[in-house]
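Architecture at a glance
In case you want the letters, here they are:
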Amino acid sequence: MIIAERKSITDIWQMIEPFKRIALIGCRGCVTVCMAGGAKEVAVLAAALRLAAHERGRELVVFEEMVERQCEYEFIRPLQRSYPQEQAVEGLVSLACGIGVQALAECFPHLPVLPGLNTSFLGMPERSGVWVERCHACGQCILDSTGAICPIARCAKNLLNGPCGGSQEGMCEIGNGVECAWHLIYERLARLNRLDSLQSLALPKNWAKDRDGGPRRLIREDWEDEV
Amino acid sequence: MKQQVAVEPISGALNKHKVQPVLVLGAGITADYAAQRLSSAHKIVQIKWGPVADLPLDWLLKQEALEKGRIESSWEKIKAVALLDWSGQVGEYILRIQLENGEVRDLRGKAVVIALDALPVSTLAWGWPGPANSSRPLEETITLSDLTTRLTPVLASSSGRPERDGLSVWAAGHNVGILLGPGGLEAAPNTLLAIKCALVLKQQVDCRVGIFYEELAVGAGAIEALYQESRQAGVEFYRYTEFPQVIEQEAQLRIIYRDPSLPDHFPPWEIPVTLIATATEYYPSKEIETVATLAGLPTGPDGFLLSDTLHAWGGQTNRKGIYCVGMARGLLRLMDLPEEVAGVAVDLGQGSSREKTLLLAQVDPLLCEVCLTCFRVCPHRAIEITDCTKRSSHGKLYKQAAWIHPEACQGCGICIAECPAQAINGADPLQPESKLDPDSGWHFFMLDNGELYQARTREDFSGNQGPVRLVVLACRQSGFLAVQTLTRLLPFYRPQLKLGILAEIAVYPVACAGWIDDLTVLRCLEDGADKVLICSCHSGACQHQYGNHRAKKRLRLTEQYLQEIGLKDRLDFYTLAGQNYLQWLTWLKKIINQLKSH
Ligand code: SF4
Ligand code: SF4
């Protein structure tokens with residue numbers, strides 16, 4: 001899932017400085033699960049902003065809304081009815097990933113839409129309260145040859161042919177408790193008795209399918225609406 | 001390779017829906033004892049698995065059989081070589097075991113009693129070195145656990161007919177020295193054993209007894225009172241800084257002891273003894289670890305089950321319907337075995353009629369995002385992820401959602417605080433949604449002269465907005481008890497007093513500090529509180545394992561972002577014990593004075 005974290009309240013406060021009436025829009029998808037933009041986080045942020053306004057003697061009305069998935073127009077559109085003339089609120093703060101922020105902006109062309117979260121990475125909870133990156137969305141998956149451990153997302157240098165000299169006792173030289181992806185790959189392949197797959201040289205990857213090829217788009221013709 | 005699983009273990013005649021057995025887990029004498037004792041009222045399936053400690057406790061079984069006059073027949077024994085899985089909930093637990101012939105079986109039981117033995121692994125390295133100048137084996141030295149075992153009949157007999165046979169043979173007239181190893185708290189179980197044994201030897205047989213120690217962990221648990229009692233009874237205590245030597249002189253053992261409070265040039269004491277007991281270390285077997293992992297039971301730092309859960313009595317664990325008796329909780333529990341099994345029997349007998357918890361958490365499956373937060377955090381393992389069907393105007397909706405087992409839930413509210421989708425509600429008057437119900441708590445005024453009064457009605461309270469408003473969220477197990485005591489001691493406020501009100505204080509009970517989340521605190525502040533004060537149980541004393549810790553961590557973050565929005569010193573966290581109302585009062589006064597001076 002997409003992992004995100006809330007921006008500091010100071011940042012959010014500065015963003016909403018010009019507005020007297022705002023709505024916080026949460027998302028029931030990934031960001032609920034990673035504790036960044038669910039119903040609870042929306043309620044907490046709203047309460048905090050109201051308190052801050054009260055403390056500073058500032059007038060501020062905060063609405064709270066939840067959307068099933070903020071990355072789908074169909075889920076956002078009902079909100080348009082809540083804020084019909086775009087007068088009811090002066091700005092929207094999205095507590096979804098960057099995708100949600102932009103989808104929201106597309107549905108509300110005349111309203112400022114502000115990001116309440118920093119979208120961090122594609123990952124999973126390693127344990128309760130700890131999320132780790134697992135996929136880089138590189139567009140051309142190589143997990144078959146690397147023992148299902150991704151060296152693009154998990155090696156600091158995106159190496160394709162084994163570890164660098166900074167791999168020490170299983171840990172990456174960048175520190176922060178990051179494990180060396182290539183060490184993990186080696187151990188796993190050894191366990192699977194498949195070390196031979198490391199014999200062949202991985203040729204340079206086609207990065208055109210990654211971000212380097214510009215914004216990506218995926219089309220399934222069989223599913224595509226007639227236009 | 002997938003193994004065939006045979007369900008339905010129980011002998012044919014049994015209607016499994018009506019008479020689920022109680023599963024007893026363990027192969028040693030503690031398990032036999034528990035099984036036998038419980039078999040008078042329940043059908044028992046004993047899973048013979050795990051280590052067998054060599055404990056001469058047969059008398060326990062005999063005495064029990066004598067009392068009952070018979071051993072019930074509904075006591076089935078199944079030998080297992082492995083425990084593979086543990087699922088289900090109170091009412092029906094399912095244990096998957098492997099038999100000697102490799103067959104895998106699922107055993108079902110309405111409750112499980114864990115009665116695994118622990119094993120003595122070594123006499124500690126610092127422990128009994130043997131007399132420095134003798135090579136003959138000495139009958140005069142035994143281990144502390146041996147001593148305990150021999151004294152257990154006396155220790156355990158509360159019925160007024162102490163069984164002293166075992167004692168008189170070897171203990172009468174002895175001079176006993178008990179050597180405890182260096183170390184403080186970790187040695188607490190041994191300390192407790194030593195003191196208990198010493199007390200029995202002193203009072204029942206009139207031995208002279210001395211305990212040699214580096215540090216007595218009297219602060220731990222119930223040791224303090226016992227320590228006082230044994231001092232008064234005449235047990236001698238010798239603190240050492242250097243482990244005492246033992247020598248043999250004229251066929252007499254002597255403990256050479258140097259009193260650390262005396263100057264160095266003083267000669268050491270020579271204390272003649274006829275019996276020396278040294279502490280043995282018991283280690284939890286790997287079976288205990290397996291059980292803890294599979295069943296989701298907490299272990300203490302020593303690896304034994306639940307060694308530090310203060311509120312678990314009668315062998316209860318954090319999960320309803322799972323009990324743990326005897327050595328699986330550490331050596332020191334051995335002496336409490338009869339008492340613990342009795343507790344289990346009582347608890348089993350009460351079944352579901354047991355007092356309901358105040359708060360029953362419920363998940364709204366339509367709001368649940370199946371994030372697994374509650375499933376992971378519930379200290380009582382009461383939450384399952386289930387398929388659910390919900391009718392809506394569009395027909396049927398199928399989805400997965402968290403579901404809280406109403407029997408297993410113990411109402412701490414931790415899941416309510418942590419659910420990011422606000423999908424869990426508690427039938428508590430204090431729901432996050434409904435804000436704090438002003439009628440559910442207690443209200444106080446502090447007057448200008450520093451006196452504290454109770455508000456008689458809520459009107460009294462809200463009509464007199466003092467300059468300082470304090471909201472106290474107090475755990476029912478600690479802070480709220482303290483305040484409850486105060487309500488019996490404080491006079492009621494009368495408006496005729498015409499004294500200025502310095503502060504008004506509203507105290508609300510919460511099931512556990514773990515129920516309190518950032519939103520609750522923010523709502524209190526929004527409602528106009530100048531400060532929110534949280535009172536929880538002391539560290540390590542939470543009935544729900546870690547409710548207080550989680551609350552504390554959570555609220556540390558809350559404090560941070562309160563600072564970010566420019567609110568300083570608006571939240572405080574205190575721990576206290578239920579009887580400590582005076583301390584609470586002192587805090588209250590201090591906080592109000594601080595607030596006033598701002
Ligand atoms: S914490 Fe809430 S959203 Fe997550 S699984 Fe539990 S009930 Fe569902
Ligand atoms: S209230 Fe406590 S015991 Fe009940 S389900 Fe929630 S976390 Fe578990």
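Reading the values: the criteria
Residues numbered from 1 in each chain as written. Chains lettered and ligands numbered in written order. Predicted model: local features only at pLDDT ≥ 70, side-chain atom pairs only at ≥ 80, totals over all residues. Heavy atoms only, no water. Buried < 20%, exposed > 50% of the residue type's maximum accessible area, 1.4 Å probe, protein only. Helix = DSSP H or I, 4+ residues; strand = E, 2+ residues; numbered from the N terminus. Arc of directions from axis to C-beta. Contact = heavy atoms within 4.5 Å. Domains from an automatic or database assignment. Axes fitted to C-alpha atoms, helices over the stretch in contact; angles between N-to-C directions. Parallel < 35°, antiparallel > 145°, perpendicular 65-115°, else oblique. Left-handed = near helix turned anticlockwise from the far one by under 90°. Nonpolar A, V, L, I, M, F, W, Y, C, P; charged D, E, K, R; others polar. Near = heavy atom within 4 Å. Buried area = accessible area lost by both parts, 1.4 Å probe. Salt bridge = Lys/Arg side-chain N within 4 Å of Asp/Glu carboxyl O.

Residues and elements named next belong to chain B. Within helix H7 (residues 286–295) the residues assigned to the buried category are Glu 287, Ile 288, Val 291, Ala 292 and Ala 295. Each buried residue of H7 sits inside an arc of 140 degrees when the element is viewed along its axis, so together they form one side. Within H7, the exposed residues directed more than 90 degrees away from the buried face are Lys 286, Glu 289 and Thr 293. The elements touched by buried residues of H7 are strand S2 (22–25), strand S4 (75–89), strand S7 (111–114) and strand S18 (322–324).

Splitting chain A by domain gives domain 1 (2–120) and domain 2 (136–213). The gap between the C-alpha centroids of domain 1 of chain A and domain 2 of chain A is 38 Å.

In the Ramachandran plot, Asn 176 of chain A falls in the positive-phi region, its phi being about 55 degrees despite a non-glycine side chain. Within the secondary structure, Asn 176 of chain A is located in the loop between helix H6 (151–154) and helix H7 (181–191). Since its relative accessible area comes to 76%, Asn 176 of chain A is described here as exposed. Positive phi values are uncommon outside glycine, yet Asp 569 of chain B reaches one of about 55 degrees. Note on placement: Asp 569 of chain B falls in the loop between helix H14 (547–564) and strand S28 (571–575).

All names here are of chain B. Put simply, helix H1 (residues 29–38) and helix H8 (residues 337–350) touch, their axes get as near as 10 Å, and they point 40 degrees apart. As summarised for this structure, H1 and H8 are arranged oblique, according to the angle between their axes. In this structure, the crossing between H1 and H8 has a hand that is right-handed. Within the contact between the two elements, H1 uses Thr 30, Tyr 33, Ala 34, Arg 37 and Leu 38 and H8 uses Leu 337, Pro 338, Val 341, Ala 342, Val 344, Ala 345 and Leu 348. Split into classes, the residues belonging to the contact of H1 with H8 amount to ten nonpolar, one polar and one charged.

Around ligand 1 sit 13 residues, and of these Cys 368, Glu 369, Cys 371, Cys 374 and Cys 419 of chain B come closest. Here the shell around ligand 1 is composed, by residue class, of eleven nonpolar, one polar and one charged.

Residues and elements named next belong to chain B. The domain boundaries assigned to chain B delineate domain 1 (13–118 + 284–350), domain 2 (122–281), domain 3 (362–417) and domain 4 (438–597). Contact residues are listed per partner, giving seven residues for domain 1 and eleven residues for domain 3. Overall, the association of domain 1 and domain 3 removes approximately 710 Å² of surface from exposure, summing both partners, and the carbon and sulfur fraction of that is 45%. By the criterion of area lost to domain 3, the three top residues of domain 1 are Gln 89, Asn 318 and Lys 320, representing 65% of everything that side buries. Summed over the shared surface of domain 1 and domain 3, the result is zero salt bridges.

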